[in-house]
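Spelled out from the first residue to the last, the chains are:
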Amino acid sequence: MVKKTKSELIKWDSASPDGELAEIFNSLAAGANQVADLVMHASLSNLMGLTGEINTGGDIVHKLDIASHNIFLDVLKTTGCVNVIGCEESDELIVLDCPKGKKQKYTICMDPIDGSSNIDVAITVGSIFGIWQSPTDDTGDTTSFLRPGDEQVAAVYFIYGSSIVMIIATQNSVNGFTLNPLTKQFMHTHRNIQLPEKGKYYSVNEGNFSTWDQNYQNYVTLLRSKLSARYVGSLVADFHRNLLKGGVFLYPGDVKNKQGKLRLMYEANPLAFIITQAGGSASDGERSILEIQPQNVHQRTPLIIGNTDLVKGFKKTEVKA
Ligand code: P6P
């Protein structure tokens, strides 16, 4: 197989983005090729299981979390236009040098492998990226980093499942690309993705039902009567199915964790950007995810995301105080 240059890794059928943003997409595609190999062969390369460490958010760190973090960090460094990275696996922001030649610098929020606990049982996992333009005077401090999700200019995720798919959302459209494992190229297979008008599925861990407040219990009881249940327990897998087939995913807050389990900056924000570009909505139960002013890099948020009528349906079942 002839080794492809980075610029050939994503085969757009239509007009493709150019400049530094294209450079970032191509670099992420190069990184995902490497991560996909690790995911598919983890058990053969001693990459299953835990490192014995706990990350800043209190999550158990898997070997693949660290390996994929390092891969995406390395490929993003080669772009020369990413100057700040916030990552689930890094307590602090990562500040990179950018050579003078680049017109625009970018800030990236990433979850290099979401759902890594599923790897050991061969269940689909994903990588999630939110992309912001860096302020011109960006010093890489937290204040310039903590901006609402509606200031993102793009978002990307990869799903490592029965096929490996890259989803790219810009301010114009959402497109999907399926990896050809022979050529290592992502082929344009999903053009201008829009959510189906009617949602088919609801996706939530109903094992937590008794820990939710009355509003969430009423909402899920209503969803049960209208939709089919699907829950993989891997955010990107549950999100991707709903993006293509229509539906709603939720991870509520509960009595133990009022803010739920998922992270705002590198899980909820990128997916909220994508679903909004595809005609859907994302809420924390009170307001749009994209409007939330972040307070810290690793903060959690309740998440309801999918078809707008289903997301808005939560408020309709709300128990009036
Ligand atoms: P639960 C995976 O660990 C993850 O972070 C998300 O990918 C997924 O949506 C969620 O946790 C599943 O959590 O509590 O239902 O197992």
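All figures in this text were calculated on a predicted structure; none of them were measured in a lab. Position labels on residues start from 1 in each chain and follow its written sequence. The predicted origin of the model limits local features to residues at a pLDDT of at least 70 and limits the giving and counting of side-chain atom pairs to 80 or more, whereas totals for whole chains, interfaces and linings rest on all residues. The side-chain numbers reported here are obtained from all heavy atoms of the structure, hydrogens and water having been left aside.

**Digging into the pairing of strand S8 (residues 152-160)**
Logical step 1: The buried fraction of S8 is high, at 9 of 9 residues.
Logical step 2: Only strands joined by at least two bridges in the DSSP assignment are considered to pair. In this description a helix means any DSSP run of H or I spanning at least four residues, a strand means any run of E spanning at least two, and both kinds are numbered starting from the N terminus. Judged from the 8 bridges that link them, strand S7 (residues 125-133) and S8 form a sheet pairing that is antiparallel. In the strand pairing of S8, Trp-132 is matched with Gln-152.
Logical step 3: In terms of strand pairing, S8 meets strand S9 (residues 164-170) through 7 bridges, oriented antiparallel. Bridge pairing links Tyr-157 to Ile-167 in S9. Exposure classes here rest on a 1.4 Å probe applied to the protein chains alone. A residue is buried below 20% of its type maximum, exposed above 50%, and partly exposed in between.

**Examining the sheet that holds strand S1 (residues 10-11)**
Logical step 1: Here 9 strands make up an open sheet; going across it, the order is S1-S11-S10-S9-S8-S7-S6-S4-S5 and the pairing mixed. Because the sheet does not close on itself, it has two edges, and the strands there are S1 and strand S5 (94-95).
Logical step 2: With 2 bridges joining them, strand S4 (residues 82-87) and S5 adopt antiparallel strand pairing. Bridging from a neighbouring strand, Ile-85 pairs with Ile-94 of S5.
Logical step 3: In what follows, residue pairs with any heavy atoms lying within 4.5 Å of each other are defined as contacts. Where helices are involved, their axes are fitted lines through C-alpha atoms of the stretch in contact, as for all axes, and angles between N-to-C directions lie from 0 to 180°. Helix-sheet contacts for helix H2 (residues 63-77) involve S4, S5, strand S6 (106-114), S7 and S8, and the interaxial angle to S6 is about 155°.
Logical step 4: Of the strands in this sheet, S4, S6, S7, S8, S9 and strand S10 (174-180) touch helix H6 (residues 264-277), which is tilted by about 100° from S8.

**A few points about helix H7 (residues 308-316)**
Logical step 1: Every buried residue of H7 is accounted for by Leu-310, Val-311, Gly-313 and Phe-314. Projected onto a plane normal to the axis of H7, the buried residues spread over an arc of 145° and lie on a single side. Looking at H7, the residues exposed on the side facing more than 90 degrees away from the buried face are Lys-312 and Lys-316.
Logical step 2: Elements in contact with the buried residues of H7: helix H4 (214-226), strand S14 (247-251), strand S15 (281-283) and strand S16 (303-306). The arc in question is the one traced by the directions running from the helix axis out to the C-beta atoms.

**Brief notes about the pairing of S9**
Logical step 1: For S9, a buried count of 7 out of 7 residues is recorded, marking the element as mostly surrounded by other parts of the structure.
Logical step 2: Residue alternation in S9 divides its side chains into two sets, Ile-164, Met-166, Ile-168 and Thr-170 and Val-165, Ile-167 and Ala-169, and both sets are buried.
Logical step 3: Hairpin connection from S8 to S9: 3 residues lie between these consecutive antiparallel strands.
Logical step 4: The sheet contact formed by S9 and S10 spans 5 bridges and is antiparallel. Across the sheet, residue Ile-168 finds its bridge partner in S10, namely Asn-175.
Logical step 5: Connecting S9 to the antiparallel partner S10 that follows it, the hairpin turn spans 3 residues.

**Details of the packing of H4 against H7**
Logical step 1: It is the contact of H4 with H7, at a shortest axis distance of 9 Å, that shows an interaxial angle of 135°. The pairing of H4 with H7 is recorded here as oblique in orientation. Considering only the axes of H4 and H7, their crossing is right-handed. Where H4 abuts H7, its residues Asn-215, Tyr-216, Tyr-219, Leu-223 and Lys-226 lie against Leu-310, Val-311, Gly-313 and Phe-314.
Logical step 2: Polarity classes work like this: nonpolar for Ala, Val, Leu, Ile, Met, Phe, Trp, Tyr, Cys and Pro, charged for Asp, Glu, Lys and Arg, and polar for all others, with Gly in that last group. In the contact of H4 with H7, the residues fall into 6 nonpolar, 2 polar and 1 charged. These descriptions rest on fixed angle ranges, namely under 35 degrees for roughly parallel, over 145 for roughly antiparallel, 65 to 115 for roughly perpendicular, and the rest for oblique. We call a crossing left-handed when the near helix sits turned anticlockwise from the far one by less than a right angle, and right-handed when that turn is clockwise.

**Concerning the side chain of Thr-178**
Logical step 1: Mapped onto the elements of the fold, Thr-178 is located in strand S10.
Logical step 2: When its relative accessible area of 18% is taken as the criterion, Thr-178 is described as buried.
Logical step 3: In contact with Thr-178, not counting residues within four places along its chain, are Ser-163, Ile-164, Val-165, Gln-185, Phe-186, Met-187, Thr-189 and His-190.

**A word on a positive patch on the surface**
Logical step 1: Patch membership needs two things, relative accessible area over 30% and no salt bridge, and members are linked within 9 Å if like-charged or within 5 Å if nonpolar (Val, Leu, Ile, Met, Phe, Trp, Tyr). To measure how exposed things are, a 1.4 Å probe is used in the Shrake-Rupley method; for residues, cover is taken only from the protein chains shown. Here a salt bridge means any side-chain nitrogen of Lys or Arg lying within 4 Å of a carboxyl oxygen belonging to Asp or Glu. The charge count treats Lys and Arg as positive and Asp and Glu as negative. His and the chain ends do not count. Note on charges: their place is set at NZ of Lys, CZ of Arg, CG of Asp or CD of Glu. A contiguous patch of positive charge, built from Lys-198, Lys-226, Lys-312 and Lys-316, is present on the exposed surface.
Logical step 2: Tracing the chain through its elements places Lys-226 in helix H4.

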